[in-house]
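# A look at the structure
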Amino acid sequence: MRSTKTAMSAMTLCAAAVLLTGCGSDAPKPAVDSGKPAAASPAPASSAPSAPPAKSGGATHEVTLEVGGTGKTAVMYSGIGSGFEQQTLPWSKSGTAELTAAERKVGYLVNVVPGTITGADGKLQQAPCTIKVDGKQVAESDGVKNTKGCSYIIKD
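For the structure given in this document, a descriptive report is provided here.

What counts and how
- In every chain, residue numbers begin from 1 and rise along the written sequence.
- Local features are withheld for residues below a pLDDT of 70 in this predicted model, meaning they are given only at 70 or higher, and side-chain atom pairs are given and counted only at 80 or more; totals for whole chains, interfaces and linings count all residues.
- For side-chain calculations, the full set of non-hydrogen atoms in the structure is used, while hydrogens and water are omitted.
- For this text, the term disulfide refers to a pair of cysteine sulfurs within 2.5 Å.
- Each helix is a run of DSSP H or I of at least 4 residues and each strand a run of E of at least 2, with the numbering of both proceeding from the N terminus.
- Burial classes: relative accessible area under 20% of the type maximum marks a residue as buried, over 50% as exposed, and values in between as partly exposed (1.4 Å probe, protein chains only).
- Side-chain atoms within 4.5 Å link the members of a nonpolar core, which is a set of buried Ala, Val, Leu, Ile, Met, Phe, Trp, Tyr and Cys residues.
- Only heavy atoms matter for contacts: two residues are in contact if any of them lie within 4.5 Å across the pair.
- The criterion for an aromatic pair is that two Phe, Tyr or Trp rings (for Trp, the six-membered ring) have centres within 6.5 Å, with stacked assigned to planes under 30 degrees apart, edge-to-face to planes over 60 apart and tilted to the rest.

## Some words on the state of the cysteines
Throughout the structure, instances matching the rule amount to one disulfide. Covalently, cysteine 129 is tied to cysteine 150 through a disulfide, its sulfur atoms 2.2 Å apart. An S-S torsion of about 100 degrees defines the bridge between cysteine 129 and cysteine 150 as right-handed. Taken together, the residues cysteine 129 in strand β6 (residues 129-133) and cysteine 150 in strand β8 (residues 150-154) connect sequence positions 21 residues apart. We note that cysteine 129, like cysteine 150, is buried.

## Some thoughts on the nonpolar core
The nonpolar side chains of soluble globular proteins are, as a tendency, buried together. Membership of the largest hydrophobic core comes to 21 residues, with the highest contact counts inside it found for Val63, Leu65, Val67, Trp91, Val112, Ile131 and Ile154. Where this core is concerned, the elements lending two or more residues are β1 (59-78), β2 (82-99), β3 (108-114), β6 and β8. Among the elements that make up this core, the one with the highest residue count is β1 (five residues). Residue contacts for isoleucine 154: discarding those within four places in its chain leaves His61, Val63, Ala97, Leu99, Glu103, Gly107, Tyr108, Val110 and Val133.

## Some words on the packing of aromatic side chains
In total, this model carries one aromatic pair according to the counting rule given. Arranged with centres 5.5 Å apart and planes meeting at 40 degrees, the rings of tyrosine 77 and tryptophan 91 form a pair that is tilted. Linking tyrosine 77 in strand β1 with tryptophan 91 in strand β2, this pair joins segments that are 14 residues apart in sequence. Judged on exposure class, the residue tyrosine 77 and its partner tryptophan 91 are both buried.

As far as function goes, none of this settles anything; it's purely spatial.
As structure tokens, this is what we get:
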């Protein structure tokens, strides 16, 4: 019994020694020679903080989303943040759209989709909406003839 415990203790110590020998070494491990040149090791990381990358070729535009009417309705919007919330009408949201260089070429979508309100004739209709970019009205929906909401792609 005693020799079994001694053998187990010796095996445990040997296993621990083997495991610890491979850990914590700062020396580079030799590469297995496969006949190919060894890859260069990456340069050590700098400890100095790096500045965030700047948006190259960016442009900013002031955007205003508006939904008209009275009462309450759901409003979904995107482009200057995004949301889908119950709002008291009339409602508006303004913000700045910052376009990257790629967005200046392919475009940057802003949109607002209002829910329904009761029209003057007592029937349900979509609430009217408008989008303004840099003070200029670029999209409009009366909620009767055009029921898709308002959307506009900003391009420079």
